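A structural walkthrough
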Amino acid sequence: MADTAYTPDGSAIAPALTYVRKGFGLKAEVQDTLAADYTGHLVDLLRTLEYTLTAGDTTVRLAKEFGFCYGVERAVDYAYQTRRKFPERRIFLAGEIIHNPHVNAKLREMGVVFLAASGKGFDYAQVRAADVVILPAFGVTMQDFQTLRELGCVVVDTTCGSVLNVWKRVEVYARDGFTSLIHGKYYHEETRATASQVEKYPGGQYLVVRDMAEAELVMHYIAARAGKISDEPALSRDAFLARFAKGASDGFDPDVHLDRIGVANQTTMLARESLAIGAAVGAAMTRAYGEAHRSEHFRTFDTICSATQDRQDAVVELLREPLDLMVVVGGYNSSNTISLAALCAEQVLTYHIADPDEIDVATNSVRYRLIGPHHTETTRENWLPVVGALRVGITAGASTPNNKIGDAVARIFAIRGDDPLVNPGAGTDDTV
Ligand code: SF4
């Protein structure tokens with residue numbers, strides 16, 4: 001509980017929250033440490049060589065937008081500044097700063113303690129007023145903010161501005177009596193934080209759909225309530241509630257709360273699917289009740305962030321080239337990395353690896369996450385042919401530092417027996 005202060009007559013004073021959203025002005029002081037921890041010299045070289053590195057008959061092509069986004073850079077910078085500012089204080093982090101195992105390991109080495117998820121938020125039982133709590137780039141729920149306010153500790157909020165824009169959208173939906181239909185993952189920190197924004201208004205409601213298949217269940221329900229025939233039978237009310245039990249707000253009733261819908265999305269979903277869901281749900285409202293009704297009862301905004309969009313666009317561009325395989329580097333719980341891997345897998349053999357350590361040069365094996373919703377990891381031996389021409393595409397999620405991307409590139413060349421630092425770019429490949 002909070003280390004509560006008391007007035008002379010014994011009544012409690014709510015502790016003041018010390019809230020920091022713009023860092024501590026220590027960017028210059030932490031710059032060298034950040035560079036040492038995350039700079040990738042091989043990636044710098046790739047950039048100078050038009051994102052192409054060739055050695056022998058191996059070519060690696062890097063997508064033109066990849067890796068750390070502005071929100072992640074800021075969050076990691078502020079976390080390092082916080083350590084510098086408070087060398088003696090206990091520092092906690094609400095979950096992970098971003099979804100990258102290497103970055104999180106660095107913060108642990110600096111003595112930052114990671115708080116576990118608990119109910120609708122995180123477990124702050126060990127936090128005291130004298131401590132510091134860092135909030136991640138994804139943000140935290142309204143309930144977390146309330147708990148932190150009561151604790152009165154220093155809060156360093158690194159929530160990305162693009163996430164705040166989604167919160168504003170959801171808040172307006174709740175204010176105007178619209179249910180927020182959020183394309184996202186109900187268990188993801190960002191979506192949990194975004195969904196909680198509806199609590200700013202009494203009776204605010206949300207429903208999270210993971211993909212078009214779940215959105216279609218919503219559309220069938222809307223059609224059935226309007227007495228229209230749809231291509232699939234709608235779920236019963238009970239079955240609908242059971243299906244979305246983990247992704248709906250308390251008190252959500254599909255018979256009531258699908259009347260006015262505002263679409264938003266987790267910033268890191270597949271942009272193409274988010275847009276399609278917004279368009280399809282709007283069309284379903286029109287089919288059910290007519291255009292006039294739709295214009296009053298339906299809103300949609302694309303809240304995919306520009307960094308996610310840029311990385312997806314860049315990988316689509318890269319996939320237009322002939323590639324033998326793609327390597328996507330990023331945490332297995334990194335939503336934007338998963339979206340990139342899904343795009344790649346539509347076109348070419350794709351390996352999503354959490355970290356370059358997953359590539360074992362000595363045995364020419366790779367441990368990777370299978371594409372799909374089941375979070376299955378597997379190992380493949382002899383994943384790279386060791387002879388013959390090979391073109392490998394590579395990209396990385398917004399939470400992957402450049403040194404990890406460079407390490408993956410180095411391991412690919414090492415398995416092939418080629419050294420990209422000897423006369424880089426002078427190989428036999430001339431198709432780019
Ligand atoms: S992926 Fe987008 S929303 Fe998330 S931290 Fe990066 S810029 Fe912000």
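Here the residue numbering is sequential within each chain, running from 1 through the sequence in written order. Two thresholds apply to this predicted model, a pLDDT of at least 70 for residue-level local features and 80 or more for giving and counting side-chain atom pairs, whereas whole-chain, interface and lining totals are computed over all residues.

1. Overview of the environment of glycine 177
Convention followed: Helical segments are the DSSP runs of H or I of at least four residues, strand segments are the runs of E of at least two, and each set is numbered from the N terminus.
Mapped onto the secondary structure, glycine 177 falls in the loop between helix H6 (161-175) and strand S12 (179-183). The spatial distance from the C-alpha of glycine 177 to the C-alpha of leucine 384 is 55 Å, given a sequence separation of 207 residues.

2. As for the sheet that holds strand S13 (residues 206-209)
For the record, the criterion: Two strands are said to pair when DSSP picks up at least two bridges between them. Whenever a helix is involved, its axis is fitted only over the stretch in contact; in every case the axis is a line through C-alpha atoms, and angles between N-to-C directions fall within 0 to 180 degrees.
Spatially, S13-S12-S14-S15 is the arrangement adopted by the four strands of the open sheet, whose pairing is parallel. Pairing within the sheet leaves two strands with one partner each, and these edge strands are S13 and strand S15 (298-300). For this sheet the average axis-to-axis angle between neighbouring strands, irrespective of direction, equals 20 degrees. With three bridges connecting them, strand S14 (residues 261-265) and S15 associate as parallel partners. Paired with valine 263 across the strands is threonine 300, a residue of S15.

3. Focus: the site of the ligand
Note the cut-off: Nearness is defined per residue: the C-beta atom, placed using the backbone, must lie within 6 Å of the molecule or strand. Residues are sorted three ways: Asp, Glu, Lys and Arg are charged, Ala, Val, Leu, Ile, Met, Phe, Trp, Tyr, Cys and Pro are nonpolar, and all the rest, Gly among them, are polar.
Around the ligand lies a shell of 15 residues, among which Cys69, Gly71, Cys160, Thr267 and Cys305 are the nearest. Those elements giving two or more residues to the shell around the ligand turn out to be helix H3 (70-85), H6 and helix H13 (306-318). Element by element, the count of residues in the shell around the ligand is highest for H3, at three residues. Among the residues forming the shell around the ligand, the class breakdown is nine nonpolar, six polar and no charged.

4. A look at the environment of valine 256
Going by this rule: Field definition: a residue is buried when 20 or more other C-beta atoms are found within 10 Å of its C-beta, exposed when 12 or fewer are, and partly exposed for counts in between, with C-beta atoms placed from the backbone.
Topologically, valine 256 is positioned in helix H10 (residues 254-257). Residue classification places valine 256 among the exposed positions, given that 12 C-beta atoms sit within 10 Å. The spatial distance from the C-alpha of valine 256 to the C-alpha of threonine 179 is 9.8 Å, given a sequence separation of 77 residues.

5. A few points about the packing of helix H1 (residues 27-38) against H3
Each pair of packed helices can be summarised by the angle the axes make with each other and by the distance between the axes. As a reminder, the rule being used: Geometric relationships in this document are graded by angle, where less than 35 degrees denotes roughly parallel, more than 145 denotes roughly antiparallel, 65 to 115 denotes roughly perpendicular, and other angles denote oblique. Each crossing gets its handedness from the near helix: less than a right angle anticlockwise from the far helix is left-handed, clockwise is right-handed. In this description, a residue-residue contact is defined by the distance between C-beta atoms placed from the backbone, which must lie within 7 Å.
In the contact formed by H1 and H3, the axes pass within 9 Å of each other and the chain directions differ by 110 degrees. By the criterion of interaxial angle, the relationship of H1 to H3 is roughly perpendicular. Here the hand of the crossing between H1 and H3 comes out right-handed. Residues Lys27, Glu29, Val30, Thr33 and Leu34 of H1 touch H3, and the partners they reach there are Val76, Asp77, Tyr80, Gln81 and Arg84. Its residues placed into classes, the contact of H1 with H3 shows four nonpolar, two polar and four charged.

6. Quick notes on the confidence of the model for the chain
The predicted coordinates should not be examined in detail at positions where pLDDT is low. The criterion, for reference: Confidence of the predictor at the level of single residues is captured by pLDDT, which takes values from 0 to 100.
Chain-level statistics for the chain give a pLDDT mean of 92 and a share of 94% at 70 or above. In the model, residues 1-15 has pLDDT below 50 throughout and makes 19 contacts with residues more than four positions away in sequence or in other chains. For the stretch residues 427-432, pLDDT sits under 50, and the model shows 13 contacts to residues farther than four places along the chain or on other chains.

7. Concerning the sheet that holds strand S3 (residues 18-20)
What the five strands build is an open sheet, ordered S3-S11-S10-S6-S7; its pairing is parallel. Taken across any chain shown, the strands that pair with only one partner, and hence form the sheet edges, are S3 and strand S7 (113-115). Geometrically, the sheet is characterised by an average inter-axis angle of 25 degrees between neighbouring strands, direction not taken into account. Across three bridges, the pairing between S3 and strand S11 (residues 154-157) is parallel. Bridged to threonine 18 within S11 is valine 154. Its contacts with the sheet put H3 on strand S6 (91-94), strand S10 (132-135) and S11, and the angle it makes with S10 is roughly 170 degrees.

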